[in-house]
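Each chain, written out:
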Amino acid sequence: MTSSEKRFSDYTIKQAPVVDLQIPLDAAGNRLDVTLAALLPEYSRSRIQEWIRQGDAMLDGKQASPSQRVHGGESIVVHLQAHPAELPSIPQAIGLDVVFEDDELLVLNKPAGLVVHPGSGNWEGTLLNGLLHYLPMLAEVPRAGIVHRLDKDTSGLMVVAKTVIAQTALVRQLQARTVKREYWAIVHGDVLKDGVVDAPMGRHATQRTRMAVLREGGHGKEAVTRYFVEENLSGYTWLRCQLETGRTHQIRVHMQYIGFPLVGDPVYQGRRRRVSDCDASFTRQALHAFRLGLLHPVSGEPLFWQRDPPDDFSRLLNCLREQAQGVTDD
């Protein structure tokens, strides 16, 4: 159990119902987790294994293991702990870089390293937790007003709705593609001209945490990325990317698909050989959402925001420029 999950467990232990069970005699020789899953069919076996491992299912008053064999007739006491995903998110004080705020909208400049939404391994310390602390009223808005995401290690601009009405309007704008999102990206390779990647995407067939272009079978969702060459940097290229759709990992997957993976991408860069020392310590994808545009959900006024990339991105870009200049001088 992670420290985050332990804190959530401590937070809810008083509310956890307790059941007293007896192992049936005809279960003799079976694994404890299998036996308990049969006694509590409404819970998954993986959940039951977690309870056993963390001491929330005690066999004859002693901690056991999921694979332990039972004899039949033993007593077992189970604390039916909720999974962190089932618990309400807790407010946490997290520094937020607020770019714009009115009665309907909140625009933020998210730093790299901040997870947007609670999930496996990140049940607290997320942007959502920070939003609930900054604006407790967001507890009444689905997903605390979050209408789109940035990957953990992507920095840049995000919009959050402060009301259900604003959230509905922004979701409709995203569906109608009237929300304009532009990114700075630094990729491996020399991109020689502007282009567009129109390649449907979906979950990778075997690696479920990854996304992929899915051409065959028609199971992918439409995904369109336009890219524009800002600067060639001797084996690297600084790009401006525009999203027409907003699929998970879209820019990262599309650029890898056409042979120009993002610098530092831990998932999609693969084993591409570095051609510079500039990116040796750059361990996140070089991607920054620098521009955001939308129509105000109440007034209809066009609004635009822009923010420079963080220091690590700027240092990488300047290092590559100096390197490229050195190659030219030679």
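## A few points about the overall build of the chain
Here's step 1: The number of helices and strands found in the chain is seven helices and 15 strands.
Here's step 2: In the chain, the proportion of contacts linking residues at least 24 apart, taken out of those at least 6 apart, comes to 64%.
Here's step 3: When the accessible surface of the chain is totalled, it reaches about 16,800 Å², and 49% of it is carbon and sulfur.

## Considering the nonpolar core
Here's step 1: In this structure, Leu-131, Leu-138, Tyr-183 and Ile-251 are the most contacted members of the largest nonpolar core, which totals 38 residues.
Here's step 2: It is helix 4 (residues 127–134) that provides the largest number of residues to this core, a total of four residues.
Here's step 3: Sequence-distant contacts of Leu-131, that is, excluding residues within four places in its chain, are made with Leu-96, Leu-106, Leu-108, Leu-138, Ala-144, Ile-146 and Val-160.
Here's step 4: Ranked by size, the runner-up nonpolar core spans 16 residues in total, among them Ala-37, Trp-51, Ala-64 and Ile-76.

## What to know about the packing of aromatic side chains
Here's step 1: All chains considered together, the criterion is met by four aromatic pairs.
Here's step 2: Ring centres of Tyr-43 and Trp-51 lie 5.0 Å apart, and the angle between their planes is 65°; on these two criteria the pair is classed as edge-to-face.
Here's step 3: Judged by its relative accessible area of 25%, Tyr-43 is partly exposed.
Here's step 4: Between the aromatic rings of Phe-100 and Trp-305, the centroid separation amounts to 5.3 Å while the plane-to-plane angle is 50°, which identifies the pairing as tilted. Highlighted residues: Phe-100 in strand 5 (residues 98–101) and Trp-305 in strand 15 (residues 302–306), separated in sequence by 205 residues.
Here's step 5: Trp-305 sits in the buried class, given a relative accessible area of 10%.
Here's step 6: One aromatic cluster is present, built from ring pairs that chain together Trp-184, Trp-238 and Phe-290.
Here's step 7: When the ring centre of Phe-228 is taken as reference, the NZ or CZ atom of Arg-240 above it lies at 4.3 Å.

## Quick notes on the packing of helix 2 (residues 32–39) against helix 3 (residues 45–53)
Between two packed helices, what matters for the description is the angle formed by their axes and the separation of those axes.
Here's step 1: Two elements in contact, helix 2 and helix 3, have axes whose closest approach is 9 Å; the angle formed by their N-to-C orientations is 120°. Classed by the angle they form, the pair helix 2 and helix 3 counts as oblique. The hand of the helix 2/helix 3 crossing is right-handed. Counted together, Leu-32, Asp-33, Val-34, Leu-36 and Ala-37 of helix 2 and Arg-45, Ile-48, Gln-49 and Ile-52 of helix 3 form the full contact between these two elements.

## Overview of the side chain of Glu-74
Here's step 1: Take Glu-74: it is sitting in the loop between strand 3 (62–63) and strand 4 (75–79).
Here's step 2: Look at Glu-74: it is buried, it has no salt bridge, and the nearest opposite charge is Lys-62 at 11 Å.
Here's step 3: One polar contact links the side chain of Glu-74 to the main-chain amide nitrogen of Gly-72, over a distance of 2.8 Å.
Here's step 4: Not counting residues within four places of it along the chain, the set of residues in contact with Glu-74 comprises Leu-21, Gln-22, Ile-23, Leu-59 and Asp-60.

## Some points on the confidence of the model for the chain
Here's step 1: Here the chain averages 88 in pLDDT, and 88% of its residues register 70 or above.
Here's step 2: Note on residues 1–14: pLDDT is under 50 here. Beyond four places in sequence and across chains, it has 17 contacts.

## A look at helix 6 (residues 250–257)
Here's step 1: Counting buried positions along helix 6 yields six of eight residues, so the element is predominantly enclosed.
Here's step 2: After helix 6 finishes, the residue Gly-259 shows a positive phi value of roughly 95°.

## A word on the state of the cysteines
Here's step 1: A full pass over the atoms with the stated rule returns one disulfide.
Here's step 2: Bridging Cys-278 to Cys-319, the disulfide has an S-S length of 2.1 Å. Between Cys-278 and Cys-319, the disulfide has an S-S torsion of -75° and is therefore left-handed. Separated by 41 residues along the polypeptide, Cys-278 in the loop between helix 6 and strand 14 (287–295) and Cys-319 in helix 7 (residues 311–329) bring together distant segments of the chain.
Here's step 3: We classify Cys-278 as buried; its relative accessible area is 14%.

## Here's the deal with the sheet that holds strand 4
Here's step 1: In space, the four strands of this open sheet follow the order 1-4-2-3, with antiparallel pairing throughout. Either end of the sheet is taken by a strand with one partner, and the two such strands are strand 1 (18–22) and strand 3.
Here's step 2: Pairing of strand 2 (residues 57–59) with strand 4, which is carried by three bridges, proceeds in the antiparallel orientation. Bridge pairing links Met-58 to Val-77 in strand 4.

## Here we look at the environment of Val-18
Here's step 1: Structurally, Val-18 can be placed in strand 1.
Here's step 2: Once the C-alpha coordinates of Val-18 and His-79 are considered, the two residues, 61 residues apart in sequence, prove to be 4.5 Å apart.
Here's step 3: In contact with Val-18, not counting residues within four places along its chain, are Val-77, Val-78 and His-79.

The rules behind each value
Residues numbered from 1 in each chain as written. Predicted model: local features only at pLDDT ≥ 70, side-chain atom pairs only at ≥ 80, totals over all residues. Heavy atoms only, no water. Helix = DSSP H or I, 4+ residues; strand = E, 2+ residues; numbered from the N terminus. Contact = heavy atoms within 4.5 Å. Areas by Shrake-Rupley, 256 points an atom, 1.4 Å probe, with all protein chains shown as cover. Core = buried A, V, L, I, M, F, W, Y, C linked by side-chain atoms within 4.5 Å. Buried < 20%, exposed > 50% of the residue type's maximum accessible area, 1.4 Å probe, protein only. Phe/Tyr/Trp six-rings, centres within 6.5 Å; stacked < 30°, edge-to-face > 60°. Lys NZ or Arg CZ within 6 Å of the ring centre and 35° of its normal. Axes fitted to C-alpha atoms, helices over the stretch in contact; angles between N-to-C directions. Parallel < 35°, antiparallel > 145°, perpendicular 65-115°, else oblique. Left-handed = near helix turned anticlockwise from the far one by under 90°. Lys, Arg positive; Asp, Glu negative; His and termini not counted. Salt bridge = Lys/Arg side-chain N within 4 Å of Asp/Glu carboxyl O. Polar contact = N/O pair within 3.5 Å; in protein donor to acceptor, adjacent residues only side chain to side chain. pLDDT = per-residue confidence, 0-100. Disulfide = S-S within 2.5 Å. Pairing = 2+ DSSP bridges.

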